[in-house]
Amino acid sequence: MANILQPTEENLRDLRKFLLFGGLVGVPTETVYGLAANAFDAQACAKIFEAKQRPANDPLICHISSVEALEQICYANPLAIRLAERFWPGPLTFVLPKKDKIPGIVTAGLDSVGVRCSAHPEFQRLVAQCDFPLAAPSANPFAYISPTTAQHVEAGLGSKIQFILDGGPCAFGVESTILDLRDESQPRILRYGALPAEEIEAELGRSIEKPAATSADESVQHLAPGSLPKHYSPRTPLDLRGGIATSELETLPPETAALLLAKPQQDRGKNVHWLSEDGKLSEIAANLFAKLRELDEAGYQRIIAEEAPELGLGLAINDRLRRASFR
């Protein structure tokens, strides 16, 4: 199994060298844990696809240390620089025209690349020591529930990688928001994520194009990671509901788990679970993937889950739940 390492200076130096020479490392970000490789090394990035069993048409996001590092890997327009200065480090990924030094395997053959600067302090320390960007999709078997602890990474990929950097539980718990900025006159959100669309629109002073709740746009699916209809999925079948009535909870069969947004006022039995004490969206997002893993490993035959309100972080939460429930 993989070695879980604490973020000491010595370990960070060793991991930087390991990455430089083509190794894979499980890394923490503020959103979910990633599986990192040297983004300039095509052979190292190929190992990501092999370890995750990820299809080659699903591009990777590259992580950099600063706004200034954008010019290393892509052609940044003024809008990208403005938004980077406002929201980085943070859970916002830009899609921009790539430079030739980024191998085609990273971008699934596209002429654009996803790039972001993470706010996780330990990951920042690692990236800052690297004079190369890190390609890092979520550190889980393809299409399974994303990992939000080092132990989740070990459970899913521990037999395929050597090292995991332990940065504790992820703060946000859902992936970054992906913003297409190839045409700065028409920015559009490709994937809802941890940075609410409303905050981007407030910064821009106008509305921008956003994906429909059940988008099946194939061009988006291949442009943005995590956009395939089935993703983030437990092995246990999951059904998504606008709401779950008290009467249904009272008659819930023991082989079915209910996943509520907020704790019910009365005890409804051990197969009734919740994501937040009071329905706070940030808590729901932070706990979502860990709770789905817990239920998936508990032996239930079915999970029924509540949708979140369609605003703010609720859009990202529902996006993940809809893809998790896709059949």
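Preceding block: the structure.
Cut-offs applied
- Residues numbered from 1 in each chain as written.
- Predicted model: local features only at pLDDT ≥ 70, side-chain atom pairs only at ≥ 80, totals over all residues.
- Heavy atoms only, no water.
- Buried < 20%, exposed > 50% of the residue type's maximum accessible area, 1.4 Å probe, protein only.
- Helix = DSSP H or I, 4+ residues; strand = E, 2+ residues; numbered from the N terminus.
- Pairing = 2+ DSSP bridges.
- Axes fitted to C-alpha atoms, helices over the stretch in contact; angles between N-to-C directions.
- Contact = heavy atoms within 4.5 Å.
- Core = buried A, V, L, I, M, F, W, Y, C linked by side-chain atoms within 4.5 Å.
- Salt bridge = Lys/Arg side-chain N within 4 Å of Asp/Glu carboxyl O.

Caption draft 1: Looking closely at the pairing of strand 14 (residues 302-306). In terms of burial, strand 14 is largely enclosed, as four of its five residues are buried. Sheet analysis places strand 11 (residues 238-241) next to strand 14, joined by four bridges and oriented parallel. What sits directly across from Arg241, in strand 14, is Glu306. When strand 12 (residues 256-262) meets strand 14, the two strands line up parallel, connected through four bridges. Note on strand 14: the bridge partner recorded for Ala257 is Ile303.

Caption draft 2: Expanded view of the sheet that holds strand 14. With parallel pairing, four strands are arranged side by side in an open sheet as 11-14-12-13. One side of each edge strand has no neighbouring strand; the edge strands of this open sheet are strand 11 and strand 13 (272-276). Ignoring strand direction, the axes of neighbouring strands in this sheet form an average angle of 20 degrees. In terms of strand pairing, strand 12 meets strand 13 through four bridges, oriented parallel. Each bridged residue has a counterpart across the sheet, and for Leu259 the counterpart in strand 13 is His273. Across the sheet, helix 10 (residues 281-296) is in contact with strand 11, strand 12, strand 13 and strand 14; its angle to strand 13 comes to roughly 150 degrees. Sitting on the sheet, helix 11 (residues 313-325) touches strand 11 and strand 14, and the angle it makes with strand 11 is about 140 degrees.

Caption draft 3: Highlighting the sheet that holds strand 5 (residues 92-97). Strand order in the open sheet formed by ten strands is 1-8-2-3-7-4-6-5-9-10, and the pairing between neighbours is mixed. The open sheet has two free edges, formed respectively by strand 1 (3-5) and strand 10 (188-191), since each of these has just one partner strand. Bridging between strand 2 (residues 25-27) and strand 8 (residues 163-165) involves two bridges; their strand directions are parallel. Paired with Val25 across the two strands is Phe163, which belongs to strand 8. Here helix 2 (residues 42-52) sits on the sheet in contact with strand 3 (34-38) and strand 7 (134-135), set at roughly 155 degrees to strand 3.

Caption draft 4: Molecular detail of unusual backbone geometry. In the segment running from Trp88 into Pro89, the intervening peptide bond is cis, with an omega of -10 degrees. Of note, Pro89 is situated in the loop between helix 4 (78-87) and strand 5. For Ala143, which is not a glycine, the phi torsion comes out positive at approximately 75 degrees. Judged by its relative accessible area of 16%, Ala143 is buried.

Caption draft 5: Broad picture of the nonpolar core. Leu70, Trp88, Phe94, Leu96, Val115, Leu179 and Ile200 are the most contacted members of the largest nonpolar core, which has 77 residues in total. With six residues, the single largest contributor to this core is helix 10. Those residues in contact with Ile200 that sit more than four places away from it in its chain are Phe87, Leu92, Thr177, Leu179, Ile189, Leu195 and Ile208. Ranked by size, the runner-up nonpolar core spans 16 residues in total, among them Val27, Phe123, Leu126 and Val127.

Caption draft 6: Broad picture of the pattern of salt bridges. Counting across every chain of the model gives 22 salt bridges. The partner of Asp180 in a salt bridge is Arg182, with the nearest N and O atoms 2.9 Å apart. By relative accessible area, which is 38% here, Arg182 ends up partly exposed. Taking the shortest distance from any N to any O, the salt bridge between Asp296 and Arg235 comes out at 3.9 Å. Within this pair, whereas Asp296 is found in helix 10, its partner Arg235 is found in the loop between helix 8 (218-223) and strand 11, the two being separated by 61 residues in sequence. Bridged by salt links that share partners, the residues Glu175, Asp319, Arg320 and Arg323 form one connected network.

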